[in-house]
Amino acid sequence: PDGGPTLHVEDVDVTYGRALSALRSVSLTVPPATVVALLGANGAGKTTLLRAVSGTLRLHRGAVTAGSIRYGDTVLDGKDPVAAVRAGVVQVPEGRRVFAGLSVDENLRSGGLGLGRRGRAQVQEARDRVFTLFPRLAERTHQPAGLLSGGEQQMLAIGRALMAAPRLLLLDEPSLGLAPQMVHRIAEVVREINAQGTAVLLVEQNAGMALSLASHAHVLEVGETRLSGPADELARTDAVRRLYLGES
Ligand code: ATP
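Residue numbers here run from 1 along each chain, matching the order of that chain's written sequence. The predicted origin of the model limits local features to residues at a pLDDT of at least 70 and limits the giving and counting of side-chain atom pairs to 80 or more, whereas totals for whole chains, interfaces and linings rest on all residues. Hydrogen atoms and water are omitted, and side-chain values are computed over all heavy atoms in the structure.

K.L.:
Any details on the sheet that holds strand 8 (residues 199-203)? Residues and values, ideally.
P.N.:
Ordered in space as 6-7-8-3-9-10, the six strands form an open sheet in which the pairing is mixed. With one partner strand each, in any of the chains shown, strand 6 (89-92) and strand 10 (224-230) form the two edges of the open sheet. For this sheet, the mean inter-axis angle between neighbouring strands, taken without regard to orientation, is 15°. Note: two strands are recorded as paired if DSSP finds a minimum of 2 bridges between them. Numbering goes from the N terminus for both helices and strands, where a helix is a DSSP run of H or I of at least four residues and a strand is a run of E of at least two. Across four bridges, strand 3 (residues 35-39) lies against strand 9 (residues 216-221) in parallel orientation. Bridge pairing in strand 9 places alanine 37 opposite alanine 217. Each axis is a line fitted through C-alpha atoms, and for a helix only the stretch in contact is used; angles between axes span 0 to 180 degrees, taken between their N-to-C directions.

This is how it looks when you write it as C-alpha cells:
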C-alpha cells in the first residue's frame, strides 16, 4: 500500500458557541501509518481537536474559526463527518458510545454507513478483519451491545469504526475506565491496527500507554500546545514525568 495521505492541522482555532475559545493556534501532523498521541488534562481541548478533524464539531455547536485541516489534498475543516469518512478519516468517540439496544453485528454494520454502496465482499472483508482483531465480538454477534462488558464495548466501538476501512483512526481515550488488563489489550489492538497500515491519532489521559505506542506526541494545556516532540523525548521531560506520568 502507498500508506495514504498525511493529516495537516495548521494554526487551528476552535470556538464553541459565540465566545468560548477551546483551541488556539494548534498545529500537528499525522504522517501515514504512524501513531501520534495527544495528551493533556481534562478540558485541555483534546476531544475538540478530534471533532475538528472528523467533522463532528458542528454537532457540538463548535466551529474552526482560523487555520486549516487537510488530509492530503482534501480540505476537512468546515466539512461534515460523511466527508471525513469518505476521505478515510474515522473517529471513535469517547465513552464507547455503542447502540446498546442493537446487536453486535448491527452495531458493526452501522459503521460502514455513509460510504455509499459497497459490495458484499468489501463489507465481509471488513467484518472478518474486525473479528480477527476481536475474537470475543465474533462469539457475541447476536448479543445486544448493552450486555457487553466495558472493555468489549470499547472493542465494539473501535470495530465499528474499522468497518469504514479508515486510513486514519481518531481514538478518544480508549482506556478510560477500563481495568489494567483491558487497557493492555486495547494497547495491543492499537499496535496491531497501526501495523496493518492505519495511522492513529490517539487522545489519552493514560500518558504511559500513549507514549509507549506513539512516535510523536503533543501536550495541550487549556487550548494551546505546551509541548511537542518525539514520544521518547517527551517521556523524559520533567513536565511530562511530573504531570502525566505520576512521578515526583
Ligand atoms: P476531556 O478529557 O474532558 O474530554 P479534553 O481535553 O478533550 O477534555 P475538550 O472536551 O475538548 O477537552 O474541551 C475543551 C474546552 O471546550 C473545555 O473548556 C470544554 O468545557 C469546552 N467544550 C467542550 N465541548 C463543548 C461544547 N459542546 N460547548 C461548549 N463548550 C464545550
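K.L.:
Hey, could you go over the pairing of strand 4 (residues 62-71) for me, with residue numbers and the actual values?
P.N.:
Bridge analysis of strand 1 (residues 7-16) against strand 4 gives eight bridges, and the strand direction is antiparallel. Considered in strand 4, the bridge of leucine 7 is made with tyrosine 71. Summarising the sheet, strand 4 and strand 5 (residues 74-75) pair through two bridges and their orientation is antiparallel. Paired with arginine 70 across the bridge in strand 5 is valine 75. A loop of two residues connects strand 4 with strand 5, the two strands running antiparallel in sequence, and glycine 72 in this loop sits at a positive phi of about 60°.

K.L.:
Just give me the short version of the site of the ligand, but keep the residues and values in it.
P.N.:
If a single non-hydrogen atom of a residue is within 4 Å of a molecule or strand, that residue counts as near it. The local shell around the ligand holds 16 residues, among which Gly43, Gly45, Lys46, Thr47 and Thr48 are the closest. Between N or O atoms, a polar contact is any pair within 3.5 Å; within protein, one atom must be a potential hydrogen donor and the other a potential acceptor, and residues adjacent in sequence are included only when both atoms are from side chains. In the environment of the ligand, an oxygen atom lies 3.1 Å from a nitrogen or oxygen atom belonging to the side chain of asparagine 42. Per-residue and other accessible areas were derived by the Shrake-Rupley procedure at a 1.4 Å probe size, with only the shown protein chains allowed to occlude residues. When the free accessible area of the ligand is taken as 630 Å², the share hidden by the protein chains comes to 67%. Elements represented by at least two residues in the shell around the ligand include exactly strand 2 (20-30) and helix 1 (46-54). The element contributing the most residues to the shell around the ligand is helix 1, with four residues. Classification used: nonpolar for Ala, Val, Leu, Ile, Met, Phe, Trp, Tyr, Cys and Pro, charged for Asp, Glu, Lys and Arg, polar for all others including Gly. Its residues assigned to classes, the shell around the ligand comprises five nonpolar, seven polar and four charged.

K.L.:
Give me the lowdown on the packing of helix 6 (residues 150-162) against helix 7 (residues 180-195), citing residues and values where you can.
P.N.:
For the pair helix 6 and helix 7, interaxial distance at closest approach is 10 Å and the crossing angle is 15°. For the element pair helix 6 / helix 7, the angle class is roughly parallel. Helix 7 is crossed by helix 6, and the crossing has right-handed handedness. The residues of helix 7 that touch helix 6, namely those facing Gly151, Gln154, Met155, Ile158 and Leu162, are Met182, Arg185, Ile186 and Ile193. Should an angle fall under 35 degrees it is taken as roughly parallel, and over 145 as roughly antiparallel, whereas 65 to 115 is taken as roughly perpendicular and any remaining angle as oblique. A clockwise turn of the near helix away from the far one marks a right-handed crossing, whereas an anticlockwise turn of less than a right angle marks a left-handed crossing. A contact between two residues is defined here by any heavy atoms of the two lying within 4.5 Å.

K.L.:
Break down helix 1 for me, citing the residues and quoting the values.
P.N.:
By the criterion of burial, helix 1 is predominantly enclosed, with eight of the nine residues buried. Taken as a whole, helix 1 has its buried residues at Lys46, Thr48, Leu49, Leu50, Arg51, Ala52, Val53 and Ser54. Where helix 1 terminates, the next one or two residues include glycine 55, which has phi positive at roughly 80°. Only protein chains enter the accessibility calculation, which uses a 1.4 Å probe; a residue whose area is less than 20% of its type maximum is buried, one above 50% is exposed, and one in between is partly exposed.

K.L.:
Break down the confidence of the model for the chain for me, citing the residues and quoting the values.
P.N.:
pLDDT measures how confident the predictor is about each residue, on a scale from 0 to 100. In the predicted model, the chain carries a mean pLDDT of 91, and the fraction of residues at 70 or more is 95%. Scoring of the predicted complex yields 0.93 for pTM and 0.92 for ipTM.

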